[in-house]
Amino acid sequence: MKNYKEDFPILKQRIKGKPLVYLDNSATTQKPKAVIQAITDYYEKDNANVHRGVHELSMRASIAYENAHKRVAEFIGAEEEEIIFTKGTTESINFLAYVLGRSLKAGDEILLSEMEHHSNFVPWQQIAKEKGAKLKIIPITKEFRLDMKAAENLLTQKTKILAITHCSNVLGTINPIKELAKMAHQVNATLIVDAAQSVPHMQIDVKELDCDFLAFSGHKMFGPTGIGVLYGKRKLLENLEPFMYGGGMIEEVTQEKSTWKDSPWRFEAGTPNIEGAIGLAKAIEYIQDIGITNIESYTGTLTEYALKELKKVKGIKIIGPQDINNRAPVISFTIQGMHPHDVGEILNQEGVAIRGGNHCAMPLMTSLKLDGTNRASFHIYNTKEDIDTLIKAIKKAQDIFK
Ligand SMILES: Cc1ncc(COP(=O)(O)O)c(C=O)c1O
């Protein structure tokens, strides 16, 4: 296996005199040279606004921007018209809460799970409040899996929306989306998938999953920040009114009324994040060159190794499934007698970057009766040696706190 660290300039540095071991990939991934170069090239050679000019630069920028939609579509098994660029997962879900919320009525139900990130929780809580709809929550089992029996009981004819994460950013649990799609569609509910943690790590085919909408962020998959994706089934997008109004999405405007372009342009008002789209397309090309299934199997091996090594350390409790089945390369854990922030700070002294806190999942933390956890998350540039360094640093932290 190639050492992919070489492709990522940022990983060459030392922190506190120690080689940087970056294990905060669920928060954001680092960027390979190819992505950084693609963005530089765009600004040095092709920068112009899109869809507006007939001059050479505008045509080049427009083609690159349109090709980015094509690249994303191909990556997740969608059609080009089904890919809307947003700022990220958060904006994609807020977009949906806003446009789908327009047709919600008092008494309608929105179903979420206990393991949602705030991005897929608060927008629904707010729209439910506004419309008098009811928010219902699918619990998790003792094994940190979605309680499918409860999900079945909670999905009723009143359920209009089931919005659920594909993969928990805290537990690493991967949810059975195909099964949930079947269940949701039986009661005519719309299935929305938060794929922020799954698209960067596993093969996704939206047609196979049969989800109605799917959201993810470029920065968690080697792309730049500020670019994300909302996938929607074509026939659903055709019937949706725009989220925002302005330039770039208009077919015709008179003093009396306006008409819109087709999807995706009707949903992308204003000057878009052109460099972000170009960077994301390059990031996908980088992933495709390695092969997403190779990434999945490599990070799976790392996760298995990390679970095994972490379990050997006295005082550590894994907060998430104990085995590798249907599990992403995200491991949350607590250390007896230590606060996650203290652990994070001591590990930083050793050059190890992990996350400590509630991971924007306060409803889950409340259910688990935890203030927070530490979280190590892996990607293609991590190695078994990185995990050994993590374990050594944890033991050092335990010694300090003895
Ligand atoms: C599961 C999940 N959903 C949503 C988000 C929000 O993503 P973004 O901040 O890129 O919008 C995150 C980010 O950590 C996440 O892990």
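In what follows, the accompanying structure is described. (Residues numbered from 1 in each chain as written. Predicted model: local features only at pLDDT ≥ 70, side-chain atom pairs only at ≥ 80, totals over all residues.)

### Topic: the packing of helix H11 (residues 340-349) against helix H13 (residues 384-400)
Inference 1: Relative to each other, H11 and H13 sit at 120 degrees, their axes nearing to 9 Å. In the packing of H11 onto H13, the handedness of the crossing is right-handed. On H13, the residues touching Val 343, Ile 346 and Leu 347 of H11 are Ala 393, Lys 396, Ala 397 and Ile 400.
Inference 2: Grouping the constituent residues of the contact of H11 with H13 by class yields six nonpolar, no polar and one charged. (Axes fitted to C-alpha atoms, helices over the stretch in contact; angles between N-to-C directions. Helix = DSSP H or I, 4+ residues; strand = E, 2+ residues; numbered from the N terminus. Left-handed = near helix turned anticlockwise from the far one by under 90°. Contact = placed C-beta atoms within 7 Å. Nonpolar A, V, L, I, M, F, W, Y, C, P; charged D, E, K, R; others polar.)

### Side note on the site of the ligand
Inference 1: Every one of the 13 residues lining the ligand counts as a neighbour, but Gly 88, Thr 90, His 117, Asn 169 and Ser 217 are closest to it.
Inference 2: Counted by class, the shell around the ligand contains one nonpolar, eleven polar and one charged residues. (Near = placed C-beta within 6 Å.)

### What to know about helix H10 (residues 292-312)
Inference 1: With 21 residues, H10 should cover 30 Å at 1.5 Å per step; its first-to-last C-alpha distance of 30 Å lies within 8% of that length.
Inference 2: Among the residues of H10, Ile 295, Tyr 298, Thr 299, Leu 302, Thr 303, Ala 306 and Leu 307 are the ones counted as buried.
Inference 3: Against helix H9 (274-290), strand E13 (316-318), strand E14 (330-335), strand E17 (373-377) and H13 lie the buried residues of H10. (Expected span 1.5 Å × (residues − 1). Buried ≥ 20, exposed ≤ 12 C-beta atoms within 10 Å, placed from the backbone.)

### Some points on the nonpolar core
Inference 1: Leu 162, Val 193, Phe 213, Leu 214, Tyr 231 and Ala 277 are the most contacted members of the largest nonpolar core, which has 107 residues in total.
Inference 2: It is H9 that provides the largest number of residues to this core, a total of nine residues.
Inference 3: Taken together, domain 1 (4-25 + 291-400) and domain 2 (36-288) each give at least three residues to this core, which thus spans both.
Inference 4: Leaving out residues up to four positions away in the same chain, Tyr 231 has contacts with Ile 76, Ala 78, Glu 82, Ile 83, Val 206, Phe 213 and Leu 214. (Core = buried A, V, L, I, M, F, W, Y, C linked by C-beta atoms within 7 Å. Domains from an automatic or database assignment.)

### Side note on the sheet that holds strand E6 (residues 134-138)
Inference 1: Reading across from one edge, E4-E10-E9-E8-E7-E5-E6 is the order of the seven strands in this open sheet, with mixed pairing throughout. The sheet is open, and its two edges are formed by strand E4 (83-86) and E6, each paired on a single side. On average, each strand axis in the sheet is inclined to that of its neighbour by 20 degrees, with strand direction left out of account.
Inference 2: One ladder, built from five bridges, connects strand E9 (residues 213-217) with strand E10 (residues 228-232); its direction is antiparallel. Along E10, the bridge assignment pairs Leu 214 with Tyr 231. (Pairing = 2+ DSSP bridges.)

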